[in-house]
Amino acid sequence: IEVAAVGIGNQIFCLFLMLNFSITSGAAIFTAQYWGKKDIDGLRQWVADLPQGNLRDQAAVQLVQMLAPSDPARAAEVAEWIGQEPLKNSAFRQIAPHWAGKDPEAARRWLQTVPEGPGRDTAIMSIANRLSANAPEEAIALLAGIKNEDLRLQVVPNVIVHWSRRDPAAASQWLASLPAGRLRD
């Protein structure tokens, strides 16, 4: 009987934790969205003052989404506050294409500050995709920085399509120069 009572108690406690987490996270995100429309600097400070953890990470992701289109540099600063790697990667994915569209050179400089790993690979992939339409040669050069071969393989077809529209001979020459393998095939 004691084991059954503990099991029921654990189920109730688990439901309480899930409800509490949902309300707290939802409130933080809602507050961030509402407040952010009126006072970005105040919101940045509010997020910075939150204790490290899931609540701060979720609020920072929301702030990055608001800042990235208009001020990717500030969004990148906020992204550094995010502790959870998947959320940080998501933030980088939000920032990179906006920055590449506004100032490709500044986006490349920012990439040099991002430590190697999945977040950097994601940012390079986003920037290369953005550059592929207007500067496919630059996009190809960036691809060498992606350590994860699977991610690199996701970007190459898009870049090659754009490059072959602009300069079919150069795109074909680059493809022919690759060693046999997954990338070339």
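From a predicted model like this one, the values you see are computed outputs, not experimental measurements.

1. Points about the overall build of the protein chain
Okay, step 1: Scanning the protein chain from N- to C-terminus turns up 10 helices and zero strands.
Okay, step 2: Going residue by residue from the N terminus, the α and β elements of the protein chain occur as α-α-α-α-α-α-α-α-α-α.
Okay, step 3: Evaluated residue by residue, the protein chain yields a buried proportion of 40% over its 185 residues.
Okay, step 4: For the protein chain, restricting intrachain contacts to residue pairs at least 6 apart in sequence, the fraction spanning at least 24 positions comes to 51%.
Okay, step 5: For the protein chain, the computed accessible surface area is about 10500 Å², with 57% contributed by carbon and sulfur atoms.

2. Some thoughts on the packing of helix α2 (residues 40-49) against helix α4 (residues 72-79)
Okay, step 1: Following both chains from N to C, one finds α2 and α4 inclined at 15 degrees, their axes separated by 11 Å at the closest point. With respect to α4, the element α2 is oriented roughly parallel. Our pair here, α2 against α4, has a crossing hand that is left-handed. Contact residues: α2 offers I40, D41 and R44, while α4 offers R74, E77 and V78.
Okay, step 2: Considering only residue class, the contact of α2 with α4 consists of two nonpolar, no polar and four charged.

3. A short note on a nonpolar patch on the surface
Okay, step 1: A surface patch of nonpolar side chains, about 310 Å² in accessible area, is lined by F13, F16 and L17.
Okay, step 2: Topologically, F13 is positioned in helix α1 (residues 2-36).

4. Looking at the packing of aromatic side chains
We describe a pair of aromatic rings using the distance from one ring centre to the other and the angle between the two ring planes.
Okay, step 1: A full pass over the atoms with the stated rule returns three aromatic pairs.
Okay, step 2: Ring plane angle 75 degrees and centroid distance 5.5 Å describe the contact between F92 and W110, whose orientation is recorded as edge-to-face. Here W110 lies in helix α6 (residues 104-113) and F92 lies in helix α5 (residues 85-102), a separation of 18 residues in the sequence. The exposure classification of F92 matches that of W110, with both residues buried.
Okay, step 3: Counting every residue linked through ring pairs, the aromatic cluster contains F92, W99 and W110.

5. Here we look at the pattern of salt bridges
Okay, step 1: Following the criterion strictly, the structure yields six salt bridges and no others.
Okay, step 2: The residue D41 makes a salt bridge to R74 at a minimum N-O spacing of 2.5 Å. With D41 in helix α2 and R74 in helix α4, this pair connects stretches of sequence that are 33 residues apart.
Okay, step 3: The shortest N-O distance in the salt bridge between R108 and E105 comes to 3.1 Å. With R108 and E105 both in helix α6, this residue pair falls three residues apart, about one helical turn.

6. Here's the deal with the nonpolar core
Okay, step 1: By size, the foremost hydrophobic cluster in this structure holds 48 residues, and its most contacted members are I95, W110, I127 and L143.
Okay, step 2: With seven residues, α5 is the single largest residue contributor to this core.
Okay, step 3: Aside from chain neighbours lying at most four places away, what touches L143 is A128, R152, V155, V156 and V159.

7. Considering the side chain of H162
Okay, step 1: Within the secondary structure, H162 is located in helix α9 (residues 149-166).
Okay, step 2: A distance of 3.4 Å separates the side chain of H162 from the side chain of S132, its partner in a polar contact.
Okay, step 3: Beyond its immediate sequence surroundings of up to four residues, H162 is in contact with S132, A133 and P136.

8. Looking at the confidence of the model for the protein chain
Okay, step 1: Per-residue confidence for the protein chain averages 84 on the pLDDT scale, and 88% of its residues sit at or above 70.
Okay, step 2: α1 is the least confidently modelled element of the protein chain, averaging 69 in pLDDT, while α4 averages 94, the highest of any element.

Rules used throughout
Residues numbered from 1 in each chain as written. Predicted model: local features only at pLDDT ≥ 70, side-chain atom pairs only at ≥ 80, totals over all residues. Heavy atoms only, no water. Helix = DSSP H or I, 4+ residues; strand = E, 2+ residues; numbered from the N terminus. Buried < 20%, exposed > 50% of the residue type's maximum accessible area, 1.4 Å probe, protein only. Contact = heavy atoms within 4.5 Å. Areas by Shrake-Rupley, 256 points an atom, 1.4 Å probe, with all protein chains shown as cover. Axes fitted to C-alpha atoms, helices over the stretch in contact; angles between N-to-C directions. Parallel < 35°, antiparallel > 145°, perpendicular 65-115°, else oblique. Left-handed = near helix turned anticlockwise from the far one by under 90°. Nonpolar A, V, L, I, M, F, W, Y, C, P; charged D, E, K, R; others polar. Patch = residues over 30% accessible without salt bridge, like charges linked within 9 Å, V, L, I, M, F, W, Y side chains within 5 Å. Salt bridge = Lys/Arg side-chain N within 4 Å of Asp/Glu carboxyl O. Phe/Tyr/Trp six-rings, centres within 6.5 Å; stacked < 30°, edge-to-face > 60°. Core = buried A, V, L, I, M, F, W, Y, C linked by side-chain atoms within 4.5 Å. Polar contact = N/O pair within 3.5 Å; in protein donor to acceptor, adjacent residues only side chain to side chain. pLDDT = per-residue confidence, 0-100.

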